[in-house]
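This is what each chain is made of:
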Amino acid sequence: MTDHARNTLFEPGAPLRGTVTVPGDKSISHRALMLSALAVGESRISGLLEGEDVLATAAAMRALGAQIERGADGVWRVHGVGVGSLVQPATALEMGNSGTSTRLLMGLLASHALTATFVGDASLSKRPMGRVTTPLGLMGAQFMGTSGAGGSICLPLTMRGIVPAVPIEYRLPVASAQVKSAVLLAGLNAPGITRVIEPVPTRDHSERMLRGFGATLTVEADPDGARIISIHGEAELNPQTLVVPGDPSSAAFPVVAALITPGSEVTVTNVGMNPTRAGLFRMLQAMGADLAITNEREVGGEPVADLVARHSALTGIDVPPDVAPSMIDEFPVFFVAAAHAQGITRTSGLDELRVKESDRLALMARGLTRIGAIVEEQEDGLVITGSGGDPLGGGNGAPVIDAELDHRIAMSFAIAGLNTRGGLVIDDMSPVATSFPGFADMLATLRGAA
Ligand SMILES: O=C(O)C1=C[C@@H](OP(=O)(O)O)[C@@H](O)[C@H](O)C1
Ligand SMILES: C=C(OP(=O)(O)O)C(=O)O
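The structure displayed is predicted, hence computed values, not measured ones.

Calculation criteria
Residues numbered from 1 in each chain as written. Chains lettered and ligands numbered in written order. Predicted model: local features only at pLDDT ≥ 70, side-chain atom pairs only at ≥ 80, totals over all residues. Helix = DSSP H or I, 4+ residues; strand = E, 2+ residues; numbered from the N terminus. Rg over C-alpha atoms; globule rule 2.2 N^0.38 Å. Buried ≥ 20, exposed ≤ 12 C-beta atoms within 10 Å, placed from the backbone. Contact = placed C-beta atoms within 7 Å. Near = placed C-beta within 6 Å. Nonpolar A, V, L, I, M, F, W, Y, C, P; charged D, E, K, R; others polar. Domains from an automatic or database assignment. UniProt positions renumbered as here; feature names shortened; annotations may be inferred. Pairing = 2+ DSSP bridges.

A. Looking closely at the overall build of the protein chain. For the protein chain, the count of helices and strands is twelve helices and 22 strands. The C-alpha atoms of the protein chain give a radius of gyration of 21 Å, which matches the 22 Å a tight globule of 450 residues would have. Across the 450 residues in the protein chain, those meeting the buried criterion constitute 54%. Partitioning the contacts of the protein chain with sequence separation of at least 6, the portion at a separation of at least 24 is 77%.

Written out as structure tokens, the structure is:
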């Protein structure tokens, strides 16, 4: 079984047992490369995720003038060029499958005097970019893109940045860390203060790391509780030594696999536990999961812990919509957990899941229904009646699940397949390499097959 296999079978077998680590956090890895490329001098990054999405960011930062090398020791060394000094790329920037690379880089480049074209794969080319081109347009950048379904501008897209960019105050119309980060990164090279008002908190890695690199950034609360994030422009960033913690969005897979597979006990070490990312673990505990959070500590300015997950009798819950941003990428695998719980799990406020690498609400509803789960798809969430711990599936052989180039859909159904009667087949596991190289090996290790 490799991550690149087409038509891969996932079927029941041994319980999952043992201790694993997961690759570095994808969100933090992107930001580490981008900010290092803007600091004057050499930054060192260890624990960087070496998945395709992050490699796309690395290639783009090289094309924009930074020197980036991976040492034999696994440490990445980045020689940055300074805020405002990125250079015109010679060719289009290949963003692959990565929304974060695309949207954050558009922000970064919006306040540089250069023109850049962004291209991506079939999945990324369908995703809406209007959410970043609107505020960046207010700052003075210009965009020429492709008109997509739903009317939003999509890739391929050419952007002309502006110097000096206009500092703006922007209230986020969607809860999106990518939009927040794009505006803050554009603000780095704008004169004066750029402000983002965030009514619902989203992951705060950009804020933490910008401060760590020496930018002046403040966070206040307005009277209705929204976060007001202000960045002082024309910043000078100082090179850093960074340590990237394990990705909680990747840890989600072995954790849920252990919870739903009888006889399992899995430890995942060095998992990032930033509260803006850890919603899944809180919700699983609310469902009665035997999930211990141990050895809590801080690594590189981010909270980290080891997780111990044991097979559990889960109970359905109502997930409050305001938890959504802190587990936004974990809903696909959370739905798999819900499909094994006793009783009903209700989710709402998840419209954003329809514009990820795929329409994750539709694909999870369709796939779970195919393997015998009881799922009602609503406009902004799923209502799932769980099996009470019984394996799903049965009937006529192993159904084929189409993951539509979405790594998290592929991995979520891989986990689901371990707890079916007859297994299931995933059409294409290759997208898993975007965020979790080594996923198949990790599963094999936990099942004693490595
Ligand atoms: O800022 C980031 O690193 C990310 C933000 C989220 O996207 P949105 O900003 O679109 O919610 C998340 O889904 C994505 O995987 C990574
Ligand atoms: C949505 C995701 O990533 P991106 O937006 O960077 O493609 C994800 O990793 O689940």
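Moving on, there is more to tell.
B. Seen up close, the site of ligand 2. Surrounding ligand 2, one finds Lys26, Asp53, Ser98, Gly99, Thr100, Asp329, Lys356, Glu357, Arg408 and Ser435. Looking at the shell around ligand 2, its residues break down into no nonpolar, four polar and six charged. Both domains that meet at the shell around ligand 2, namely domain 1 (6–22 + 246–446) and domain 2 (26–232), each give it at least three residues.

C. Here's a closer look at the UniProt feature "active site" (unreviewed entry) in the protein chain. Taking the numbering used here, the UniProt-annotated feature "active site" (unreviewed entry) corresponds to Asp329. Setting aside residues no more than four positions away along its own chain, aspartate 329 makes contact with Ser249 and Arg408.

D. Representation of the site of ligand 1 within the structure. As a structural note, the neighbourhood of ligand 1 is formed by Ser27, Thr100, Ser176, Ala177, Gln178, Ser181, Arg203, Ile328, Asp329 and Glu352. Here the shell around ligand 1 gets three residues from one element, more than from any other, and that element is helix H5 (residues 177–187). Residue composition of the shell around ligand 1, grouped by class: two nonpolar, five polar and three charged. If you count residues domain by domain, the shell around ligand 1 takes at least three from each of domain 1 (6–22 + 246–446) and domain 2 (26–232).

E. Representation of the sheet that holds strand E8 (residues 142–147). Strand order in the open sheet formed by four strands is E6-E7-E9-E8, and the pairing between neighbours is mixed. With one partner strand each, in any of the chains shown, strand E6 (93–94) and E8 form the two edges of the open sheet. Summarising the sheet, E6 and strand E7 (residues 115–119) pair through two bridges and their orientation is parallel. Each bridged residue has a counterpart across the sheet, and for leucine 93 the counterpart in E7 is phenylalanine 118.

F. Molecular detail of the domain arrangement of the protein chain. Entries for the protein chain in the domain assignment read domain 1 (6–22 + 246–446) and domain 2 (26–232). Look at where the C-alpha atoms of domain 1 and domain 2 centre, and you get two points 29 Å apart. When the residues that make up the side of domain 1 that touches domain 2 are grouped by side-chain class, the tally is seven nonpolar, seven polar and seven charged.

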